[in-house]
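# Survey of secondary and tertiary structure
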Amino acid sequence: MISIYTVDAFTSTPFTGNPAAVCILQEFPSDDAWLKKIAAEMNLSETAFLCPMEGVGNYQLRWFTPESEVDLCGHATLASAKVLWESGVAYRIEQLRFHTKSGLLTAKRVDGGIELNFPAERVAPAAIPPFLEEAIGFKPEAVYSNRMDMLIEAENEQTLRDLKPDFHLLKDLPARGLIVTCRSDNPNYDFVSRCFYPALGINEDPVTGSAHCALAPYWQEKLDKKQLTAMQLSARTGELKLRVTENRVLMQGQAVIVVKGLLLH
């Protein structure tokens, strides 16, 4: 039997933030069919699968949505670190090293939470898809993209909060998904965002760590600040503290384990 956990990430309050499933394996199966079935059964935005590697604190880490494997996921990485430390598997290890499709990612314990070291995924100007205005209900001044997502800026926070995208149209974006962001009205936050991934089976993701690999350098340049505080304005909400270096984003958040169970099949 294999233990599996549900963890709410980028929050300290249960039933908020972004839930992820975490499953620690001794080895990966020979094909991905079982992993995909477990991710579909958990039916969360991401299920993380971990397998120990040679060397203290080294793990292979893969992430699956209910429909497909993804290259980068922040909240399920945060959840994985939380489980490894709280379950006692890596109790005395101060820094965890995750080997992923996006290279080496690390997690370390800091005051107030866990700090992830992720690649900066900077955006560049992109062509505006002809259906985008219809899909989101307003005309974006500009569109940006990186290897994963498209990013646009809303005029103000109320526009962002009121946004009701046409998810059927958004499935046709030439990207993993759409990030919509703007400056925050709350002085406690530098910027806010919402993230939509209908092509992955996730209409709106509650709190998206990988999106902040683009958002952090985007707002760092606009606000001329290397340290930023962000909130994602989904129904569950979530908070992140961010620091931008030349080509990395240090992403700090909290997490809470809400379910522990056993896989019987």
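Residues numbered from 1 in each chain as written. Predicted model: local features only at pLDDT ≥ 70, side-chain atom pairs only at ≥ 80, totals over all residues. Heavy atoms only, no water.

## Here's the deal with the overall build of the protein chain
- The helix and strand inventory of the protein chain stands at six helices and 18 strands.
- Its C-alpha atoms give the protein chain a radius of gyration of 18 Å, near enough to 18 Å, the size a compact globule of 265 residues would have.
- Based on the C-alpha atoms only, the size of the protein chain along its principal axes is roughly 50 × 35 × 30 Å.
- Taken over 265 residues, the protein chain has a buried fraction of 55%.
- Accessible surface computed for the protein chain: about 12,200 Å², of which carbon and sulfur atoms make up 47%.
- Counting 26 positive and 33 negative side-chain charges, the protein chain places the centres of these two groups 5 Å from one another. (Helix = DSSP H or I, 4+ residues; strand = E, 2+ residues; numbered from the N terminus. Rg over C-alpha atoms; globule rule 2.2 N^0.38 Å. Buried < 20%, exposed > 50% of the residue type's maximum accessible area, 1.4 Å probe, protein only. Areas by Shrake-Rupley, 256 points an atom, 1.4 Å probe, with all protein chains shown as cover. Lys, Arg positive; Asp, Glu negative; His and termini not counted. Charge placed at Lys NZ, Arg CZ, Asp CG, Glu CD.)

## Quick word on the side chain of Ser-102
- For Ser-102, the position within the fold is in the loop between strand S6 (95-100) and strand S7 (103-110).
- Polar side-chain contacts of Ser-102 include one of 2.9 Å to the side chain of Arg-147.
- With near-sequence residues (within four places) excluded, Ser-102 lies in contact with Asp-71, Leu-72, Pro-119 and Arg-147. (Polar contact = N/O pair within 3.5 Å; in protein donor to acceptor, adjacent residues only side chain to side chain. Contact = heavy atoms within 4.5 Å.)

## As for the pattern of salt bridges
- Per the counting criterion, the structure on display carries 14 salt bridges.
- For Glu-204, the salt bridge goes to Arg-194, with nearest N and O atoms at 2.8 Å. Pair noted here: Glu-204 is in strand S14 (residues 202-205) and Arg-194 is in strand S13 (residues 191-197), with a separation of ten residues, a long-range link.
- Each of Asp-32, Arg-62, Glu-69 and Lys-101 takes part in one network of salt bridges that share partners. (Salt bridge = Lys/Arg side-chain N within 4 Å of Asp/Glu carboxyl O.)

## So, helix H2 (residues 75-86)
- The end-to-end C-alpha distance of H2 is 16 Å, a good match for the 16 Å that twelve residues give at a rise of 1.5 Å each.
- Of all twelve residues in H2, eleven are buried; the element is thus mostly enclosed.
- Along H2, the residues classified as buried are His-75, Ala-76, Thr-77, Leu-78, Ala-79, Ser-80, Ala-81, Lys-82, Val-83, Leu-84 and Trp-85.
- Once H2 ends, the next one or two residues include Gly-88, with phi positive near 90 degrees. (Expected span 1.5 Å × (residues − 1).)

## Focus on the pairing of strand S1 (residues 2-9)
- In terms of residue burial, S1 counts as a mostly covered element, since six of its eight residues are buried.
- Judged from the eight bridges that link them, S1 and strand S18 (residues 255-263) form a sheet pairing that is antiparallel. Looking at S18, one finds that Ser-3 is bridged to Leu-262.
- As paired elements, S1 and strand S2 (residues 18-24) share six bridges and run antiparallel to each other. What sits directly across from Tyr-5, in S2, is Val-22. (Pairing = 2+ DSSP bridges.)

## Quick notes on the nonpolar core
- Leu-50, Trp-63, Leu-84, Leu-96, Phe-98, Leu-242 and Met-251 are the most contacted members of the largest nonpolar core, which has 56 residues in total.
- It is H2 that provides the largest number of residues to this core, a total of seven residues.
- Discounting chain neighbours no more than four positions away, the residues touching Met-251 are Phe-10, Ile-114, Glu-115, Leu-116, Phe-118, Gly-209, His-212, Cys-213, Leu-240, Lys-241 and Leu-242.
- Within the second largest apolar cluster, 22 residues are counted, among which are Leu-132, Ala-135, Cys-182 and Val-192. (Core = buried A, V, L, I, M, F, W, Y, C linked by side-chain atoms within 4.5 Å.)

## Regarding the packing of aromatic side chains
- Evaluated as defined, the whole model comprises seven aromatic pairs.
- Pairing Phe-167 with Phe-196 gives two aromatic rings, centres 6.1 Å apart and planes at 45 degrees, and the pair type is tilted. In this pair, Phe-167 is assigned in helix H5 (residues 167-170) and Phe-196 in strand S13, connecting sequence segments 29 residues apart.
- With relative accessibility at 26%, the residue Phe-167 sits in the partly exposed group.
- Centroid distance Phe-191 to Trp-219: 5.8 Å. Interplanar angle 10 degrees. Geometry classified as stacked. One end of the pair, Phe-191, is in strand S13; the other, Trp-219, is in helix H6 (residues 212-223), and 28 residues separate them in sequence. A single burial state applies to Phe-191 and to Trp-219, both of which are buried. (Phe/Tyr/Trp six-rings, centres within 6.5 Å; stacked < 30°, edge-to-face > 60°.)

## Brief notes about a nonpolar patch on the surface
- A cluster of nonpolar side chains, contributed by Met-1, Leu-262 and Leu-264, occupies part of the molecular surface with about 390 Å² of accessible area.
- Among the secondary structure elements, Leu-264 is positioned in the segment after S18. (Patch = residues over 30% accessible without salt bridge, like charges linked within 9 Å, V, L, I, M, F, W, Y side chains within 5 Å.)

## Points about the state of the cysteines
- Tallying each qualifying case throughout the model produces zero disulfides.
- Cys-182 takes part in no disulfide bond, and the closest cysteine sulfur to it belongs to Cys-195, at a distance of 12 Å.
- Not part of a disulfide, Cys-195 finds its nearest cysteine sulfur in Cys-213, a span of 11 Å.
- Its relative accessible area of 0% is what places Cys-195 among the buried residues. (Disulfide = S-S within 2.5 Å.)

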